[in-house]
Amino acid sequence: GIAAGNGQATGRGLPKYRYVGVAPEADIIAVATTFWDDDILDGVAYIFDNAEDMGQTAVVNLSLGGHFGPHDGTDPFDVGLDTMAGPGQIVVTSAGNEGDEYIHNQDTWSEADVNFRFEHNPLDEYIYPGDIEFTLWHNGLDSYQVRIKSPWLGDYTWDVGETSTQVFDFLDETHNCQIQVANPNIMEYNGDKEITISLSGWSSSGTWDIWLIGHGVSDDDPNKIDAWIYWDDLETTRFTNGDNNISVGSPGTAKSVITVGSYTTKAVWYDFNGDGWTYSYTNEDITPFSSLGPTRDGRVKPDIVAPGSVIGSALSSDTTPAPADPNVLYDKVHRVMQGTSMSCPHIAGLAALLLEKHPTYTPSAVKSILAYTARDDAWVTLPPNNTWGYGKAHAVAALAAADANLPNCASASQ
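Cut-off values and rules
Residues numbered from 1 in each chain as written. Predicted model: local features only at pLDDT ≥ 70, side-chain atom pairs only at ≥ 80, totals over all residues. Heavy atoms only, no water. Helix = DSSP H or I, 4+ residues; strand = E, 2+ residues; numbered from the N terminus. Buried < 20%, exposed > 50% of the residue type's maximum accessible area, 1.4 Å probe, protein only. Contact = heavy atoms within 4.5 Å. Areas by Shrake-Rupley, 256 points an atom, 1.4 Å probe, with all protein chains shown as cover. Lys, Arg positive; Asp, Glu negative; His and termini not counted. Charge placed at Lys NZ, Arg CZ, Asp CG, Glu CD. Pairing = 2+ DSSP bridges. Axes fitted to C-alpha atoms, helices over the stretch in contact; angles between N-to-C directions. pLDDT = per-residue confidence, 0-100. Patch = residues over 30% accessible without salt bridge, like charges linked within 9 Å, V, L, I, M, F, W, Y side chains within 5 Å. Salt bridge = Lys/Arg side-chain N within 4 Å of Asp/Glu carboxyl O. Parallel < 35°, antiparallel > 145°, perpendicular 65-115°, else oblique. Left-handed = near helix turned anticlockwise from the far one by under 90°. Nonpolar A, V, L, I, M, F, W, Y, C, P; charged D, E, K, R; others polar.

Colleague: Outline the overall build of the chain, listing residues and values.
Modeller: A count of helices and strands for the chain gives 6 helices and 19 strands. Per-residue burial over the chain gives 49% buried out of 414 residues. Pairs at least 24 apart in sequence give 73% of the contacts found in the chain among residues at least 6 apart. Within the structure as shown, the chain displays about 18,900 Å² of accessible surface, and the carbon and sulfur contribution to it stands at 50%. Placing the 20 positive and 56 negative side-chain charges of the chain at their respective mean positions leaves the two points 9 Å apart.

Spelled out as structure tokens, the structure:
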């Protein structure tokens, strides 16, 4: 609906075309997915292949992402998308909604043990056990022991070696829990090592410590270690000494995709009963949830930002909303949502309009036009940066630049 809705659907006597997508005359190919990386890549290939058979260009919208991986563009999922993207084949992806969550932590080993502390505070309504999983990435020349300190049962140390997996089950009946620590081989695609830690079968609150103890550390400087919470069933876990940087997930860390963050253009709406609702966001400012860069290898992300708060678009005809659902709009055939999954299709639609003008535009050409024409206002400070990318997308200016075939944009399309 946001990328290509024609806006004809309406209800309750309201006129048509109240909610029109960015590229309303675009053809649509929709692919169901399991959300496994290989299935997503198959879906992208399917879209590009079908578009090519029809003699058309294509833009793929991926309003999805996750934090399992090195966050440096070398993950096979990222590389797969980079391989397929090219002239007339553009991939646009959401930056993620972790900008206000401390899911990332980073430290440097310098003759002292490294501590990543996290808190888990499930709400009272969560009565089922939750799972939490961490991924830690470090120099492939280094080796570490892993020590985990439980808030109830003391310290446990794993002498993690190549390809080893160790499991420990807490015996405490109150805090029954399983911990699994694994350290695969050096990753052939980036030369680094990954440690994964999984905690499952528990829901009690507490503060934990993950310690990395040097066990053969090279002279490389700096010996940085990055950690992410990449899965949290209850969504109530955060690093207490962490940050919200490098919170753009894969595939937003890929090099040829256009990664889209979110800013606020609307924070108030009225539901189908006429009742008003609001978020405590500031118009024109970045939305608090919009994930931040850089990538782990230091590239600026997101590339651009677009509207992502209180976005009205199509309500699926297969959906029966709750009678009191405040997100359903007055006509009962549209609803509001928020997130970078909403800002992403804004740019997908704009990319489709740019390809309509210049079918051979490459991903770098589209990025160049978006960057060159982005709005830089009082909220956007010194772009490019890892909050705003190159600034707020300006569709009218971008299309005008494509019409004028400006040299800096045209050269990027070669």
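What follows picks up the thread again.
Colleague: Tell me about the sheet that holds strand β17 (residues 304-307), and name the residues and values.
Modeller: Strand order in the open sheet made by the 4 strands is β1-β2-β14-β17, with parallel pairing throughout. The two strands at the open ends of the sheet, each matched to only one other strand, are β1 (58-62) and β17. On average, each strand axis in the sheet is inclined to that of its neighbour by 35 degrees, with strand direction left out of account. When strand β2 (residues 89-94) meets strand β14 (residues 258-263), the two strands line up parallel, connected through 3 bridges.

Colleague: Explain the confidence of the model for the chain to me, using residue names and the numbers behind them.
Modeller: In this model, the chain carries an average pLDDT of 89, and 91% of its residues clear a pLDDT of 70 or more. For the stretch residues 410-414, pLDDT sits under 50, and the model shows 9 contacts to residues farther than four places along the chain or on other chains.

Colleague: Explain a negative patch on the surface to me, using residue names and the numbers behind them.
Modeller: A contiguous patch of negative charge on the surface is contributed by D37, D38, D39 and D42. By the element assignment, D38 lies in helix α1 (residues 37-53). Accessibility expressed as a relative area gives 49% for D38, which makes it partly exposed.

Colleague: Which residues make up the environment of T360, and what values go with them?
Modeller: As for its placement among the helices and strands, T360 is situated in the loop between α3 (340-357) and α4 (363-373). Along the primary structure T360 and P87 are separated by 273 residues, whereas in three dimensions their C-alpha atoms are 4.8 Å apart.

Colleague: Provide a residue-level description of the sheet that holds strand β6 (residues 144-150), including the pertinent values.
Modeller: Within the open sheet, the 5 strands sit side by side as β7-β6-β11-β4-β13. Their pairing is antiparallel. Whereas interior strands pair on both sides, the edge strands pair on one side only; in this sheet they are β7 (154-158) and β13 (237-239). Ignoring strand direction, the axes of neighbouring strands in this sheet form an average angle of 20 degrees. Strand direction decides the pairing type here: strand β4 (residues 114-120) and strand β11 (residues 206-214), joined by 7 bridges, are antiparallel. Each residue of the ladder has a partner; that of F116, found in β11, is I210.

Colleague: Let's hear about a nonpolar patch on the surface: which residues, and what values?
Modeller: A surface patch of nonpolar side chains, about 360 Å² in accessible area, is lined by I29, V31, Y46 and M54. Of note, Y46 is situated in helix α1.

Colleague: Can you explain the packing of α3 against helix α5 (residues 395-404)? Please cite residues and give values.
Modeller: One can describe the packing of α3 onto α5 by two numbers: an axis separation of 10 Å at closest approach and a directional angle of 15 degrees. Viewed along their axes, α3 and α5 adopt a mutual orientation that is roughly parallel. As for the relative orientation of α3 and α5, their crossing is right-handed in sense. The segment α3 lies against α5, with L350, L353, L354 and K357 engaging A395, A398, L399, A402 and D403. Here the contact of α3 with α5 is composed, by residue class, of 7 nonpolar, no polar and 2 charged.

Colleague: Can you lay out the pairing of strand β5 (residues 130-139) for me, pointing to particular residues and giving the numbers?
Modeller: In terms of residue burial, β5 counts as a mostly covered element, since 8 of its 10 residues are buried. Where β5 lies against strand β12 (residues 224-232), 7 bridges are found, and the strand directions are antiparallel. Bridge assignment links I132 to a residue of β12, and that residue is D232.

Colleague: I'd love a proper account of the pattern of salt bridges, names of residues and values included.
Modeller: Across all of its chains, the model carries 12 salt bridges by this definition. Among the salt bridges present, the one from D192 reaches R296, with a minimum N-O distance of 2.9 Å. In this pair, D192 is assigned in strand β10 (residues 192-202) and R296 in the loop between β16 (276-278) and β17, connecting sequence segments 104 residues apart. You can call D192 buried: its relative accessible area is 14%. A relative accessible area of 15% means that R296 is categorised as buried. In this structure, R299 engages D297 in a salt bridge whose closest nitrogen and oxygen atoms are separated by 2.9 Å. Exposure remark for R299: the relative accessible area of 22% places this residue in the partly exposed category. It is possible to trace a salt-bridge network through shared partners that takes in D72, D192, D226 and R296.

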